[in-house]
There are 2 protein chains.
Amino acid sequence: MDAEAIKQSLENSGLRCTPQRYAVMAFLMEHNRHPTAAEIFEAVNRVDPRSSRATTYNNLRDLVQAGLVREVAVEGRAARFDAKGIRHHHFICDRCGNVEDMEWYDVPRPASGSLGKRILRECELIFRGLCKKCALPRASRKLS
Amino acid sequence: MDAEAIKQSLENSGLRCTPQRYAVMAFLMEHNRHPTAAEIFEAVNRVDPRSSRATTYNNLRDLVQAGLVREVAVEGRAARFDAKGIRHHHFICDRCGNVEDMEWYDVPRPASGSLGKRILRECELIFRGLCKKCALPRASRKLS
DNA sequence: GAATTATTTAGATTATATCTAATATGACAT
DNA sequence: ATGTCATATTAGATATAATCTAAATAATTC
Ligand SMILES: [Mn+2]
Ligand SMILES: [Mn+2]
Ligand SMILES: [Zn+2]
Ligand SMILES: [Zn+2]
């Protein structure tokens with residue numbers, strides 16, 4: 001949507017606004033589906049200019065380091081990515097691995113004593129269970 | 001330590017107490033270092049009987065499914081494993097990826113309205129930042 | 001003890017991510 | 001405009017993590 005705003009946020013982070021990097025960022029901002037690197041690579045290559053796999057991974061790394069993108073590790077599956085827009089939590093489906101946004105609310109921080117010499121950057125709350133699609137009864141008997 | 005208790009918990013979960021599976025479970029119970037599958041594989045093979053890599057992965061999968069072991073996905077690194085003893089949260093180091101236990105406290109659940117048709121199994125709270133070792137000033141200038 | 005089922009195994013295979021080193025691009029000083 | 005230099009991109013190779021395969025072994029049931 002706001003091409004200039006994307007350009008600005010990249011440059012504010014000391015990153016050049018290259019076509020490839022812009023395409024990754026724009027794609028993440030207009031989707032809330034938490035795509036994998038492979039999905040992003042495929043998506044940005046449906047429009048010119050072409051971007052290589054290494055560049056897609058490099059740019060995702062840079063964007064995460066710059067704090068513009070969040071990486072979500074899912075057990076046994078490829079990492080998923082998420083433009084950091086409004087704050088929210090994540091629901092991860094035990095069965096299909098999909099990551100869904102959940103309304104944000106404040107999380108109590110640990111007692112400072114329990115942190116010791118660690119430096120806390122953030123508290124991340126992850127909900128786990130079955131997504132809507134996987135929770136439906138859907139004849140589990142027939143399939144098993 | 002309590003060999004019979006381990007045997008019981010495996011069998012209560014419908015899993016045979018094989019030497020290989022027992023070794024994985026016992027190793028996880030006597031370490032709180034959140035080892036990777038490769039580290040567990042290596043550790044259990046320092047004592048007889050030998051266990052193959054596939055068996056180590058198979059058993060970890062079975063133990064996680066049975067709810068006896070927790071798997072912790074860390075971005076860009078191998079998964080780590082943890083016998084589920086007393087409840088606790090996790091601190092994951094941004095820099096070295098180490099997973100450390102943190103004192104448990106209750107986490108507020110999401111408003112039921114925001115769950116929709118999803119089925120919630122658990123809320124997981126993850127702290128991120130720098131572990132004690134990585135937080136130390138340690139002449140970062142000299143090394144870079 | 002034969003049949004059945006669960007488990008283990010070595011090695012191949014897949015999936016995911018990173019590295020390499022050659023090339024291209026953009027910023028900026030002249 | 002042109003040269004310089006840091007940054008970014010690229011194809012393909014490589015590394016790492018995890019799973020699959022099919023045959024062998026071990027335990028359980030009949
Ligand atoms: Mn999200
Ligand atoms: Mn733990
Ligand atoms: Zn699902
Ligand atoms: Zn650390």
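What counts, and where the lines are drawn
- Residues numbered from 1 in each chain as written.
- Chains lettered and ligands numbered in written order.
- Predicted model: local features only at pLDDT ≥ 70, side-chain atom pairs only at ≥ 80, totals over all residues.
- Heavy atoms only, no water.
- Donors = N, O, S within 2.8 Å, 3.2 Å for Na, K, Ca; no water.
- Helix = DSSP H or I, 4+ residues; strand = E, 2+ residues; numbered from the N terminus.
- Buried < 20%, exposed > 50% of the residue type's maximum accessible area, 1.4 Å probe, protein only.
- Contact = heavy atoms within 4.5 Å.
- Buried area = accessible area lost by both parts, 1.4 Å probe.
- Salt bridge = Lys/Arg side-chain N within 4 Å of Asp/Glu carboxyl O.
- Polar contact = N/O pair within 3.5 Å; in protein donor to acceptor, adjacent residues only side chain to side chain.
- Near = heavy atom within 4 Å.
- Nonpolar A, V, L, I, M, F, W, Y, C, P; charged D, E, K, R; others polar.
- Least-squares fit on C-alpha atoms with pLDDT ≥ 70 in both.
- Phe/Tyr/Trp six-rings, centres within 6.5 Å; stacked < 30°, edge-to-face > 60°.
- Lys NZ or Arg CZ within 6 Å of the ring centre and 35° of its normal.

**Q** Please set out the coordination of the manganese ion (ligand 2) residue by residue, giving values where relevant.
**A** Residues and elements named next belong to chain B. Surrounding the manganese ion (ligand 2) are the protein donor atoms His34 (NE2), Asp82 (OD), His88 (NE2), His90 (NE2) and Asp101 (OD), at 2.2 Å. For the manganese ion (ligand 2), the donor residues sit on a single chain with the sequence spacing H-x47-D-x5-H-x1-H-x10-D. Taken as a pair, Asp82 in strand β2 (residues 80-83) and Asp101 in strand β4 (residues 99-102) lie far apart in primary sequence, 19 residues in all. Asp82 gets classed as buried once you look at its relative accessible area, which sits at 5%.

**Q** Any chance you could break down the side chain of Thr56 of chain A for me, citing the residues and the numbers?
**A** All names here are of chain A. Relative to the assigned elements, Thr56 resides in helix α4 (residues 53-65). On the basis of relative accessible area, Thr56 is assigned to the buried category, the value being 1%. Those residues in contact with Thr56 that sit more than four places away from it in its chain are Ala37, Ile40, Phe41 and Ser51.

**Q** Describe in detail the interface of chain A and chain B, supporting the description with residues and values.
**A** The accessible area lost on association of the parts is a frequent measure of interface size. Taken together, the contact between chain A and chain B spans 36 residues of the former and 36 residues of the latter. In terms of surface lost to chain B, no three residues of chain A exceed Arg118, Glu124 and Arg128 of chain A, which account for 20% of the buried area on that side. Arg121 of chain A is the salt-bridge partner of Asp94 of chain B, the closest N and O atoms lying 2.7 Å from each other. At the boundary of chain A with chain B, the tally comes to 16 residue pairs in polar contact (both at pLDDT 80 or more).

**Q** Tell me about the protein's contact with DNA strand D, residues and numbers included.
**A** Close to DNA strand D lie 18 residues, the nearest being Thr18, Arg21, Arg50, Ser52 and Thr55 of chain A. Between Arg16 of chain A and DNA strand D, the recorded distance is 3.2 Å, taken from a side-chain N or O atom to a sugar or linking oxygen. In this structure, Thr55 of chain A approaches DNA strand D through a side-chain N or O atom, which is 3.2 Å from a phosphate oxygen. When contributions to the surface near DNA strand D are tallied by element, the ones reaching two or more residues are α2 (19-29) and α4 of chain A together with α4 (53-65) of chain B. By residue number, the principal contributor to the surface near DNA strand D is α4 of chain A, which donates five residues. For the surface near DNA strand D, the residue count by class is five nonpolar, seven polar and six charged.

**Q** Can you break down the relation of the copies chain A and chain B residue by residue, with the values?
**A** Rotating chain A by 180° and translating it 0.0 Å along the rotation axis places it on chain B, where the RMSD comes to 0.0 Å. Here the two chains are linked by the operation of a two-fold rotation axis. No C-alpha of chain A approaches the rotation axis more nearly than that of Leu125 of chain A, which lies at 2.3 Å. Taken together, the interface assignments show that 100% of the residues at the interface of chain A recur at the interface of chain B, consistent with an identical surface on both copies.

**Q** I'd like to hear about the protein's contact with DNA strand C, residue by residue, with values.
**A** Neighbouring DNA strand C are 18 residues, the closest being Thr18, Arg21, Arg50, Ser52 and Thr55 of chain B. Among all atoms of DNA strand C positioned within 4 Å of the protein, those belonging to sugar or phosphate total 69%. Measuring from a phosphate oxygen of DNA strand C, one finds a side-chain N or O atom of Thr18 of chain B at 2.4 Å. Gln20 of chain B has a polar side-chain atom sitting 3.1 Å from a phosphate oxygen of DNA strand C. The set of elements that each furnish at least two residues to the surface near DNA strand C consists of α4 of chain A together with α2 (19-29) and α4 of chain B. The leading source of residues in the surface near DNA strand C is α4 of chain B, at five residues. A breakdown of the residues in the surface near DNA strand C according to their chemical character gives five nonpolar, seven polar and six charged.

**Q** Got a sec to walk through the packing of aromatic side chains? Specific residues and values, please.
**A** Inspection of the entire model under this criterion finds two aromatic pairs over all chains. Arg118 of chain A extends its terminal NZ or CZ atom over the ring of Phe91 of chain B, reaching a point 5.4 Å from the ring centre.

**Q** Can you lay out the side chain of His89 of chain B for me, pointing to particular residues and giving the numbers?
**A** Residues and elements named next belong to chain B. Of note, His89 is situated in strand β3 (residues 89-93). A distance of 2.9 Å separates the side chain of His89 from the backbone oxygen of Tyr105, its partner in a polar contact. For His89, the residues in contact, after removing those within four places along its chain, are Glu100, Asp101, Met102, Glu103, Trp104, Tyr105, Val107, Leu125 and Phe127.

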